[in-house]
Amino acid sequence: MSKCLTNNLSEMQDQPSVILAAKDLLTHAMNPVYRVINGILVVSVFMVVGLWLSGNGTNAGAFDLARILVPDEARHIVWSNGFGMLEQYKTANDSSTQMADSEIASVIYNKGHSHSTGFNSAKQQTVALLMPSVAQVQVKSISHLSDRIPTSKIDPQALDSHLMSSIQNQRLVADFFEQKYKLDRAKIEEYVSKTILIAKEVNIDPVLLLAVISVESNFNPNTKSHAGAEGLMQVMTSVHKDKYALYGGTTEAVKPEVNIRIGAYILKYLIATAGSLRNGLKYYVGAANAEHDGGYADKVMAERNRIISLCQTRPTNRLTSNGKNVRS
């Protein structure tokens, strides 16, 4: 009896060692599988984070997953605090690319709600500018209003002609207005750059906006009419208090980045309402119910055509061969 108990006890003691040996064998056999799974997880995380940091242009697929996993505010913090410092270091130490970078501005247009202060649903564009620093000014977008106006209702003449996408053309226009109004060069470059940015935000031709600013205020932001129109675009402050409320109230009325935005939106709205560019200009000057606009539309169109002609004119290089002019 005791012998039988002894044998059973020894068998019970051997069982745990057998189980442990089996577990060790299984763990050793599964190690390659675990490594593959871990590798896949690491690659997946890097892909999601990479897509999240790079943003999206399609609002679909993996980009949506990336935005769900980590909010856009965190991406902004990473870019501004992390990669922003790297970019500053690179700019400070790479003089060979500094000139090229100085002509490009990366701009974020908030396509969300009017009271959104974050970067949710933001659309990023890269725009060539004479003064890229104007893109760093934090101003609420007005695109949430302008995007409600169907493009199909806008006179094609009021849509972007893309003439201002060239840095060379921007310089020509800045030269023209600098000489015409005897303006400070830095200021005229600032106004031209802001106008181009805002025109893209509102989806209207920057050439048209520049022509309106020229006729309305001669590029003097402190201009104020007897009727109460203020700023570069001569917006009626008392009439458009609701729009200025987006930017802190009417005290901001003369700020170029605010005044041009509101003026550009109003002009686009009036063009769509009036059915044509000329009628929209007539409404803009306040002559909607009048028989004539006092020549206002003609003045703006003439200035617009001057800018277009200036941008379309290209200096021609010529070589002389046997007494004849030959174009290169």
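In this text, all values refer to a predicted model and were calculated from it rather than measured experimentally. (Residues numbered from 1 in each chain as written. Predicted model: local features only at pLDDT ≥ 70, side-chain atom pairs only at ≥ 80, totals over all residues. Heavy atoms only, no water.)

What to know about unusual backbone geometry
Even without being a glycine, Asn218 presents a positive backbone phi close to 55°. Within the secondary structure, Asn218 sits in the loop between α8 (206–217) and β3 (229–230). The residue Phe219 is not glycine, and still its phi comes out positive at about 65°. Here Phe219 falls in the buried class, since its relative accessible area comes to 1%. (Helix = DSSP H or I, 4+ residues; strand = E, 2+ residues; numbered from the N terminus. Buried < 20%, exposed > 50% of the residue type's maximum accessible area, 1.4 Å probe, protein only.)

Notes on the pattern of salt bridges
Under the counting rule described, the total for this entry stands at 13 salt bridges. A salt bridge links Lys187 to Glu190, with the nearest nitrogen and oxygen atoms 3.5 Å apart. In this pair, Lys187 and Glu190 are both assigned in helix α7 (residues 185–202), 3 residues apart and thus about one turn of the helix distant. Given the relative accessible area of 42%, Lys187 is considered partly exposed. You can call Glu190 buried: its relative accessible area is 15%. (Salt bridge = Lys/Arg side-chain N within 4 Å of Asp/Glu carboxyl O.)

Looking at the environment of Val192
Assignment of secondary structure puts Val192 in helix α7. Taking C-alpha positions, Val192 is 8.6 Å from Met131, a pair spaced 61 residues apart along the chain.

What about helix α6 (residues 167–181)?
For α6, which comprises 15 residues, the first-to-last C-alpha distance of 21 Å matches the rise-based estimate of 21 Å (1.5 Å per residue) to within 8%. Of the positions making up α6, those classed as buried are Ile167, Asn169, Gln170, Val173, Ala174, Phe177 and Tyr181. Summarising the axial view, the buried residues of α6 lie within an arc of 155°, below the 170-degree limit, and thus occupy one face. At the N-terminal boundary of α6, the capping side chain belongs to Ser166, with an oxygen 3.2 Å from the backbone nitrogen of Gln168. Downstream of α6 by a residue or two, Lys182 has a phi angle that is positive, lying close to 55°. (Expected span 1.5 Å × (residues − 1). Arc of directions from axis to C-beta. Polar contact = N/O pair within 3.5 Å; in protein donor to acceptor, adjacent residues only side chain to side chain.)

Some points on the side chain of Lys282
Locating Lys282 in the fold gives a position in helix α11 (residues 277–284). In this structure, Lys282 is buried with no salt-bridge partner, the nearest side chain bearing the opposite charge being Asp293 at 7.0 Å. Ignoring sequence-local partners within four residues, the contact set of Lys282 consists of Ala287, Ala288, Ala290, Glu291 and Asp293. (Lys, Arg positive; Asp, Glu negative; His and termini not counted. Contact = heavy atoms within 4.5 Å.)

Re the packing of aromatic side chains
The tally for this structure, following the rule as stated, stands at 5 aromatic pairs. Arranged with centres 6.2 Å apart and planes meeting at 45°, the rings of Tyr181 and Phe219 form a pair that is tilted. Here Tyr181, found in helix α6, pairs with Phe219, found in the loop between α8 and β3; they are 38 residues apart in sequence, far enough to count as distant. Each of the two residues, Tyr181 as well as Phe219, counts as buried. Each ring, one from Tyr265 and one from Tyr269, has its centre 6.4 Å from the other, and the planes form 40°; the classification is tilted. Here Tyr265 pairs with Tyr269, and both are found in helix α10 (residues 256–274), just 4 residues apart, close to one helical turn. (Phe/Tyr/Trp six-rings, centres within 6.5 Å; stacked < 30°, edge-to-face > 60°.)

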